[in-house]
Protein chains: 2
Amino acid sequence: MKKNVIVGQSGGPTAVINASLYGVVYEALNREDSFGTVYGMINGIEGFLNGQVMDMEPLELSGELELIKTTPGSYLGSCRYKLPEDLGDEVYGRLFDKFEEYNIGYFFYIGGNDSMDTVSKLSRYAESVGSDIRFMGIPKTIDNDLVNTDHTPGFGSAAKYVASTVREIAVDASVYDNKKSVTIVEIMGRHAGWLTAASALARREEGDNPLLIYLPETAFDTERFISDVSLALEKISNLVVCISEGINDGNGTFICELASDVGVDTFGHKMLTGSGKYLENLVKERLGVKVRSVELNVCQRCSSAMLSATDQKEAIASGAYGVKCALEGESGKMVAFCRVPGEDYWVDYVTEDVNLICNQEKAVPSEWITENGSDVGREFIEYALPLIQGKVNVPSKDGLPLFAYRK
Amino acid sequence: MKKNVIVGQSGGPTAVINASLYGVVYEALNREDSFGTVYGMINGIEGFLNGQVMDMEPLELSGELELIKTTPGSYLGSCRYKLPEDLGDEVYGRLFDKFEEYNIGYFFYIGGNDSMDTVSKLSRYAESVGSDIRFMGIPKTIDNDLVNTDHTPGFGSAAKYVASTVREIAVDASVYDNKKSVTIVEIMGRHAGWLTAASALARREEGDNPLLIYLPETAFDTERFISDVSLALEKISNLVVCISEGINDGNGTFICELASDVGVDTFGHKMLTGSGKYLENLVKERLGVKVRSVELNVCQRCSSAMLSATDQKEAIASGAYGVKCALEGESGKMVAFCRVPGEDYWVDYVTEDVNLICNQEKAVPSEWITENGSDVGREFIEYALPLIQGKVNVPSKDGLPLFAYRK
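Since the model is a prediction, treat every value here as computed from it, not as a measurement.

Colleague: Can you lay out the overall build of chain A for me, pointing to particular residues and giving the numbers?
Modeller: For chain A, the helix and strand inventory stands at 14 helices and 13 strands. In summary, chain A has a C-alpha radius of gyration of 23 Å against a globular reference of 22 Å for 407 residues, a match within 12%. In terms of overall dimensions, chain A has a C-alpha envelope of 75 × 45 × 40 Å along the principal axes. Looking at chain A residue by residue over its 407 residues, the buried ones come to 63%. In chain A, the share of contacts with a sequence separation of at least 24, taken over all contacts with a separation of at least 6, comes to 76%. Of the roughly 15000 Å² of accessible surface on chain A, a fraction of 47% belongs to carbon and sulfur atoms. Side-chain charges in chain A split into 38 positive and 59 negative, and the spacing between the mean points of these groups amounts to 5 Å.

Next up, the structure:
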């Protein structure tokens, strides 16, 4: 009797996590000689524990699966559920009973660090009890912070959004070029600065905005920041500065925390604020120039308008590759990208031990950050530029993008 | 001797203010029998006073003019310069001396309320001194608040951006649908709620997000707001609420002002905050659910990815129509749109007395706002839907949109 397949999504959404879902489902449905039913788990492993699953085949028949390819967010829903460290915990028994109930032979989990932790634990538990279910991780995160892979699906589209939006913000900021102004753009990435670094792609030429870029990898000094901004304003009238939401003093204190414990409104409610807002006020007070801060917020991870065709293609291919490898007997692995050296951009799909990936974080290499800590070097541009290439045509209706929704 | 043409841009940028510039310049250059040189003024009337002008013809020859059509922001630069009320002020004499110096016969000014005030004053001054220079206003504003015109170029693209982004934010917010959450989206429009109302277009069906929409036209009551949110959370797990940045208590106090005078950071800097952030904290404290606020900020007026083809076409056509009317002798007018009743969307281009337009604001009609003040009715949808139709192909290079920049 053929074994069934189950696939889930976990962690924060991206613009292409559904493209990876498409890759897994399409590949599995098209190997009907090898697999039984292809299930999706609703809200990840947490929903699965409550028996929330759906049959994915009807989506292919109805054409909905095609639409999933360009739908941002997590079609199957997500969760932030951490399995216990103790593999003797009763939850493992319950999970494997459920796997048996659904005759699952292949388990695919699309996610970041925490999701790979789930894959690691399930595959280790399987080994300990002699289960032959195969567990495969499919990478996704806009943060691009997974180790042992050149990059991660989701990053390319988010980077394209960040770069094009920062370019547009720079155009917008320059209309009153006879008056000095500072625009601070706050970009996602609490611990790794990859996405903030992508703002460097917005430049058309040397000396172009954004003139200053601050990553969480370098200790942030507010006094040096004020002096950097002051100097930059001598070179350019309308300065654009990009900062990571995670900029910190190097000793574990986020810059936004300098503000958050004092601001209180007229009703006595505590006002939490971001690093961009904090620096906006600081620059206004210290330099007396016009300042604005812009938080790119969730738009950077859910914009379908800035899908990178390269990113989408790789997301689909990594899902499909995971299916192929699981079928060939691999388990406890994550699909990874290996960039082939050479003139033209090319990646090989490989698998890596998921135990060596989960709970790790890949930072931007320090040698890619300029010595003064306020920019990234050419190495980063060469690394990131191929990942944002190509436009994707998103289906639309009544002038707006058309997405797939779970019934 | 043929008279020369001058065109300027003023006020905040939009996605299509340059399309209007294209319309004026292209039309004027292609009526070479009627016009001499076509000048652009740099940074509006303020730059013109300092002799900052450029010849626009080389842009057509170099192909740059084509690129201007899809470039957001103000290609010529902008200003916020208010001419004195007293037409006897010496600045008028200086301006008309400059007009004579450049042999100007036709003056086009692309902008909103304040820019129409400039057109009004200059045309009245011209009349008082017997000058035959013709002054024509070309409308633009994302706020859509100009009177005596069905709508305004810039609104359609901003509305398309708001609707598609709110739809994406709703998708993003729904991934953890087993946990209640509120997402508050703050949209531009200090006094008029047109753009905030456009978030209603994001709905696919009745009862879909955004479930609550608050415009500045209705007095905002924080207690009723909390009760609205609480009730909505009984119907939907992941609630999206859209608010105008200008929501106010009906007596002149903006909701954001309830917070801004008390928040102070650890260094004693005053922390200014927006209405969305204020309500985020309020909901968190009062309802104890997960809350996030997203400020769409300048992106809603400078995104090229969400250009509406209808909006772009009308922006170009209004520039060209202004040239035609000025040539036929009109002055002291603004180009306006008159929607022709009928099944299919159609606008006639007309001119209206600029004196009746400047310094006025068109609010969303109260009968288009639902009685409880937390939504807009079907009339608004029917009004706005035609304005966001059609995609525009923006030229790109290296994976990013390619824009025109003034040298």
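Colleague: Give me the lowdown on the packing of aromatic side chains, citing residues and values where you can.
Modeller: Residue and element names in this part refer to chain B. With the rule as written, the count across this model stands at 46 aromatic pairs over all chains. Ring geometry for Phe-48 versus Tyr-102: centroids 6.1 Å apart, planes at 45°, classification tilted. Here Phe-48, found in helix α2 (residues 44–49), pairs with Tyr-102, found in the loop between α5 (90–101) and β4 (104–111); they are 54 residues apart in sequence, far enough to count as distant. Its relative accessible area of 16% is what places Tyr-102 among the buried residues.

Colleague: Quick one: what's the story with the UniProt feature "binding site: Mg(2+)" (unreviewed entry) in chain A, residue by residue and with numbers?
Modeller: UniProt's entry tags Asn113(A) with the feature "binding site: Mg(2+)" (unreviewed entry), counted in the numbering of this structure. Not counting the four nearest positions on each side in its chain, Asn113(A) is found in contact with Asp145(A), Leu146(A), Ile357(A), Cys358(A), Asn359(A), Gln360(A) and Glu361(A).

Colleague: An account of the relation of the copies chain A and chain B is needed here, citing residue identities and associated values.
Modeller: If you rotate chain A by 180° and push it 0.0 Å along the axis, it lands on chain B with an RMSD of 0.0 Å. Look at the turn and shift together and you get a two-fold axis relating the two. Both copies contact each other with a shared surface, as 100% of the interface residues of chain A are interface residues in chain B too.

Colleague: Could you give an account of helix α7 (residues 155–173) of chain A, with specific residues and numbers?
Modeller: Over its 19 residues, α7(A) runs 26 Å from end to end, which matches the ideal 27 Å to within 8%, given 1.5 Å per residue. For α7(A), a buried count of 19 out of 19 residues is recorded, marking the element as mostly surrounded by other parts of the structure.

Colleague: How would you explain the interface of chain A and chain B if you had to name every residue and give the values?
Modeller: Opposite the 78 residues of chain A that make contact, chain B presents 78 residues. Counting each side, the surface lost to burial between chain A and chain B is near 6300 Å², with a carbon and sulfur contribution of 56%. Of all residues in chain A, Glu168(A), Tyr176(A) and Leu400(A) give up the largest surface area on contact with chain B, accounting jointly for 10% of the area buried on that side. Remark: the boundary between chain A and chain B carries four salt bridges. Glu46(A) serves as the salt-bridge partner of Lys179(B), at 3.9 Å between the closest nitrogen and oxygen. For the pair chain A and chain B, the number of links is 26 residue pairs in polar contact (both at pLDDT 80 or more). Elements with a minimum of two residues in the side of chain A that touches chain B: α7, α10 (257–260), α11 (275–287), β9 (290–295), α12 (299–302) and β13 (400–401) of chain A. The element best represented in the side of chain A that touches chain B is α7(A), accounting for 10 residues.

Colleague: Tell me what's going on with the pattern of salt bridges, and back it up with residues and numbers.
Modeller: Inspection of the entire model under this criterion finds 38 salt bridges over all chains. Between Glu328(B) and Lys324(B) there is a salt bridge; the shortest N-O distance is 3.9 Å. On the basis of relative accessible area, Lys324(B) is assigned to the partly exposed category, the value being 32%. Taking the shortest distance from any N to any O, the salt bridge between Glu382(B) and Arg378(B) comes out at 3.4 Å. Of this pair, Glu382(B) and Arg378(B) both sit in helix α14 (residues 378–384), four residues apart, which is roughly one turn of that helix. Take Arg378(B): its relative accessible area is 52%, and that puts it in the exposed class. Ionic contacts of the salt-bridge type, sharing partners, join the residues Lys82(A), Glu85(A), Asp117(A) and Lys121(A) into one network.

Cut-off values and rules
- Residues numbered from 1 in each chain as written.
- Chains lettered and ligands numbered in written order.
- Predicted model: local features only at pLDDT ≥ 70, side-chain atom pairs only at ≥ 80, totals over all residues.
- Heavy atoms only, no water.
- Helix = DSSP H or I, 4+ residues; strand = E, 2+ residues; numbered from the N terminus.
- Rg over C-alpha atoms; globule rule 2.2 N^0.38 Å.
- Buried < 20%, exposed > 50% of the residue type's maximum accessible area, 1.4 Å probe, protein only.
- Contact = heavy atoms within 4.5 Å.
- Areas by Shrake-Rupley, 256 points an atom, 1.4 Å probe, with all protein chains shown as cover.
- Lys, Arg positive; Asp, Glu negative; His and termini not counted.
- Charge placed at Lys NZ, Arg CZ, Asp CG, Glu CD.
- Phe/Tyr/Trp six-rings, centres within 6.5 Å; stacked < 30°, edge-to-face > 60°.
- UniProt positions renumbered as here; feature names shortened; annotations may be inferred.
- Least-squares fit on C-alpha atoms with pLDDT ≥ 70 in both.
- Expected span 1.5 Å × (residues − 1).
- Buried area = accessible area lost by both parts, 1.4 Å probe.
- Salt bridge = Lys/Arg side-chain N within 4 Å of Asp/Glu carboxyl O.
- Polar contact = N/O pair within 3.5 Å; in protein donor to acceptor, adjacent residues only side chain to side chain.

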